[in-house]
Amino acid sequence: MRSRRTVIALLLAPAAVGRAEDPAAPAPVPEAAAPSGTIATAPPEPAVAWSRFSVHAGWGYYEVSHAGASYHLGPRAALGLFGGWGLGRSEQDGTLGVSYAHAVLAPAWGWQPGWAAKAIYWTQSDPNYDWKNLSLVLGPRFVADFGDGLRLALDAGVALTFALESDRKQEFNFGSPTRWNGSVCLEIEYRLGGR
Amino acid sequence: MSGALAAAAALALALSACEKIEYLPPDPLAGWPTKVLMHRGGGADGPYRDNTLDAVLYGASVLDGVEVDVQISKDGTLWLGHDNEVHACDDVTVVGCFQDLLDSEIEPHATCGGTEHYSRLDEVFAAVKLVYPETLYSLDVKGQYCRALGVDEARAMADEVARLVAANGLDGKVMVESSQREFLERIVASATPVPSFVVALDDIDGPLSASANLGATGISFKYGVEPLDAGVVAGIHRVGKRIVVWTIDAPEDIAAVWAAQPDVVQTDEPDFMSYTGGAAPAQAGTK
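(A) Highlighting the overall build of chain A. For chain A, the count of helices and strands is zero helices and nine strands. Looking at chain A as a whole, 42% of its 195 residues are labelled buried. In chain A, the share of contacts with a sequence separation of at least 24, taken over all contacts with a separation of at least 6, comes to 62%.

(B) Structural detail: the overall build of chain B. Regarding its fold elements, chain B presents nine helices and 14 strands. A total of 287 residues make up chain B; the buried ones form 46% of that total. Looking at chain B alone, contacts between residues at least 24 apart form 59% of all its contacts between residues at least 6 apart.

(C) Broad picture of the interface of chain A and chain B. Across the boundary between the two partners, chain A contributes 28 residues, which contact 28 residues of chain B. Put simply, the parts of the chain that give the side of chain A that touches chain B at least two residues each are strand S5 (111-125), strand S6 (129-147), strand S7 (150-168), strand S8 (175-177) and strand S9 (180-193) of chain A. In terms of residue count, S7(A) provides more of the side of chain A that touches chain B than any other element does, five residues in total. Sheet topology places S8(A) next to strand S1 (residues 21-23) of chain B; three bridges connect them, and they run antiparallel. Residue Pro177(A) lies in a different strand from S1(B), and its bridge partner there is Ile21(B).

(D) Structural context of the environment of Trp32(B). Residue and element names in this part refer to chain B. Within the secondary structure, Trp-32 is located in the loop between S1 and strand S2 (35-38). Distance from Trp-32 to Val-128, taken between C-alpha atoms, is 22 Å for residues 96 residues apart in sequence. Not counting chain neighbours up to four residues away, the residues in contact with Trp-32 comprise Arg-242 and Asp-263.

(E) Region of interest: helix H4 (residues 121-131) of chain B. All names here are of chain B. Along H4, the positions that sit buried rather than exposed are Leu-121, Val-124, Phe-125 and Val-128. One face of H4 carries all of its buried residues, which in axial projection span an arc of 95 degrees. Check the buried side of H4 and you find it contacts helix H2 (53-62), strand S3 (65-72), strand S4 (78-80), strand S9 (136-141) and helix H5 (151-167).

(F) Highlighting the nonpolar core. With 74 residues, the main nonpolar core has Met157(B), Val161(B) and Val245(B) as its most contacted residues. Among the elements that take part in this core, H5(B) stands out by supplying eight residues, more than any other. Beyond its immediate chain neighbours, meaning those up to four positions away, Met157(B) contacts Val70(B), Ile72(B), Leu78(B), Val141(B) and Phe183(B). Judged by nonpolar contacts, the second largest core, of 14 residues, contains Tyr62(A), Phe142(A), Ala153(A) and Val184(A).

(G) Representation of the confidence of the model for chain B within the structure. Residues and elements named next belong to chain B. Across chain B, pLDDT averages 90, with 90% of residues at or above 70. Taken together, the stretch residues 282-287 has pLDDT below 50 and engages in 12 contacts with residues farther than four places along the chain or on a different chain. Predicted complex, confidence summary: ipTM 0.73, pTM 0.79.

(H) Broad picture of the sheet that holds S9(A). All names here are of chain A. Sheet architecture is closed into a barrel: eight strands sit in the order S1-S2-S3-S4-S5-S6-S7-S9, paired in antiparallel fashion. Averaged over neighbouring strand pairs, the angle between their axes works out to 25 degrees when direction is ignored. Sheet topology places strand S1 (residues 50-60) next to strand S2 (residues 64-72); eight bridges connect them, and they run antiparallel. Within S2, the position partnered with Phe-53 by the bridge is Tyr-71.

(I) Local environment of unusual backbone geometry. The peptide bond linking Trp246(B) to Thr247(B) adopts the cis configuration, its omega dihedral lying at -25 degrees. Non-glycine residue Leu105(A) carries a positive phi angle of around 60 degrees. Mapped onto the elements, Leu105(A) comes out in the loop between strand S4 (92-103) and S5. Judged by the 10 C-beta atoms lying within 10 Å of it, Leu105(A) falls in the exposed class. Phi at Asn51(B) is positive, roughly 55 degrees, even though this residue is not glycine. Within the secondary structure, Asn51(B) is located in the loop between S2 and H2. Exposure remark for Asn51(B): the 28 C-beta atoms within 10 Å place this residue in the buried category.

(J) Looking closely at the packing of H5(B) against helix H6 (residues 181-189) of chain B. Residues and elements named next belong to chain B. Relative to each other, H5 and H6 sit at 30 degrees, their axes nearing to 8 Å. With respect to H6, the axis of H5 lies roughly parallel. Considering the relative orientation of H5 and H6, their crossing is right-handed. Contact with H5, carried on its side by Val-151, Ala-154, Arg-155, Met-157, Ala-158, Asp-159, Val-161 and Ala-162, involves Glu-182, Phe-183, Arg-186 and Ile-187 of H6 and no other residues of that element. Here the contact of H5 with H6 is built from residues that sort into eight nonpolar, no polar and four charged.

(K) Broad picture of the packing of H2(B) against H4(B). Residues and elements named next belong to chain B. Between H2 and H4, the least distance of the axes is 10 Å, while the angle of their chain directions is 25 degrees. Looking at the two axes, H2 sits roughly parallel to H4. Crossing handedness for the pair H2 and H4: right-handed. Judged by residue contacts, Leu-53, Val-56, Leu-57 and Ala-60 of H2 engage Glu-123, Val-124, Ala-127, Val-128 and Val-131 from H4. By residue class, the composition of the contact of H2 with H4 is eight nonpolar, no polar and one charged.

Cut-off values and rules
- Residues numbered from 1 in each chain as written.
- Chains lettered and ligands numbered in written order.
- Predicted model: local features only at pLDDT ≥ 70, side-chain atom pairs only at ≥ 80, totals over all residues.
- Helix = DSSP H or I, 4+ residues; strand = E, 2+ residues; numbered from the N terminus.
- Buried ≥ 20, exposed ≤ 12 C-beta atoms within 10 Å, placed from the backbone.
- Contact = placed C-beta atoms within 7 Å.
- Pairing = 2+ DSSP bridges.
- Arc of directions from axis to C-beta.
- Core = buried A, V, L, I, M, F, W, Y, C linked by C-beta atoms within 7 Å.
- pLDDT = per-residue confidence, 0-100.
- Axes fitted to C-alpha atoms, helices over the stretch in contact; angles between N-to-C directions.
- Parallel < 35°, antiparallel > 145°, perpendicular 65-115°, else oblique.
- Left-handed = near helix turned anticlockwise from the far one by under 90°.
- Nonpolar A, V, L, I, M, F, W, Y, C, P; charged D, E, K, R; others polar.

Dropping the structure here:
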C-alpha cells in the first residue's frame, strides 16, 4: 500500500549573507537637519527593514521539490523548516526537514560561502518496499544575492541515511537506503519585508 | 571560490550520488541442507551448565552441531560465556568483566564443586576435533561493553578465532555470528574459511545489506521479529546469502521454520527433529 503523499510546505533558511549589517537592526537615525540658510542636502536613503523571515522553494536530491520558511537568527545564521514532494520520475513521496545554514567569510565573485546542515525525514514507496528514512546532510553552501530580497542558494553535501521503518512487500528483492551518498540542493529565497 | 567553482562542485556531487535505495544484485546459491544446532552448547534446559565443554559434547551428540557464546579475557584468551561479566560460583557475585580479567583471575571460577563453570574455547576445540570432527560449531561473538568500545577486543577475537580454527583443523566446521562490524570485517579478511553471519535482531533487510557490504556469508536472524517462510529464505539465497534462525523451541515454530529451509537453525530442544514432520524438504538450490 502506498503511503499518503502528504507534504507540508515549510522551508529552509539560507544564511543571511552579503549584508554588511544585521537586517533586523533598527534603521539608522538620520543626521540633524542642516542649519537655516544653508542648502539642504538630499535625505539619506532609508534603510530597508527586512523581516527576520524568508520563504524559499527549490529542488534537492533528498529534499526533492520543496518549499519552506526560515527564521534568520542573525546576519549570518538561519533556521529553516521545509516540506517537499516527489515530482516527475522520483519515487520519493514526501519530505519534511529542518535546516541550519551559516555564512562564513566574505562574499567572493558574488557568492557568499557558508555551510548548511539538514535533517530530512523522507518516505518512499516503490514496488519492493515502503520506506521511512532519515537523512542527515552536511556540506558547503553558496548564496548569490540578486537584490530586493531575492537570492539563489546552492548547497551540496554528504548525506548519511538511516531506515527508520521499512515494509518489504515481496520476497525477491532486498535492499536498504544508501548509507553514504552525495546530495545537492538548489533554492530560490525571498526575504520578507523591505520596500 | 567563484560561483562557477561552487556550481561545478555541486554538480560533481550530484552526479556522484548513488540511488537512494540500494538493492542487492542477484547471485543465486544453493541452500545448505538445514543444520540444527544446540543453543548455548547443550540447550537452555539441558543437563549441563550452558556454554561449557560438557554442554558442547552433549549438544554435539544429539544434533547436527552446537552454538556457543564467546568472550575474550584480558590475556586474549577466548572463553565460553553469554554475559560479559564473570560470575563467582554462586552465580550472583560478579568477579569482573572478561575483558578486564586475566586468565588467572577467571580460572578459580572455572570449576565449581567439581562441575564446569567456565570453559576455554581452545580446550573445547581440542576435545571436539577428536570426538565430533564433522560437527558444525557456531560462535556467537558478543560485544564487549564493560569499557570503551571494544574495538581492539573485537579484532583480537577475530584473530584468535581464525588461529584456533586453523590450529585445530576445523576449516569449514566453525562459523561465527556477531553484530560487531570490526569483528566481522576482520574475520572476513582472514584467510581462514569461517562462514560469518551478521546478527539480525530487528529485521532482515538492513542486516542483509550489511552482510553484503561486509562480504559476510549471511545473517543470523532472531525468529519472530518479522515473518519468515520458504519464499524469504529462497529470496535470501537468490542474492547470494545464507540465513541462520534462532532460537526455535516451540513445536509449532519448529515445524514452520523447518518448512522454510533455512541454512541453520538453533534450538534448545534436543528432540527438535521429532517436531519437523518428517524428512527435510527438498532443497531448491540454483548453483
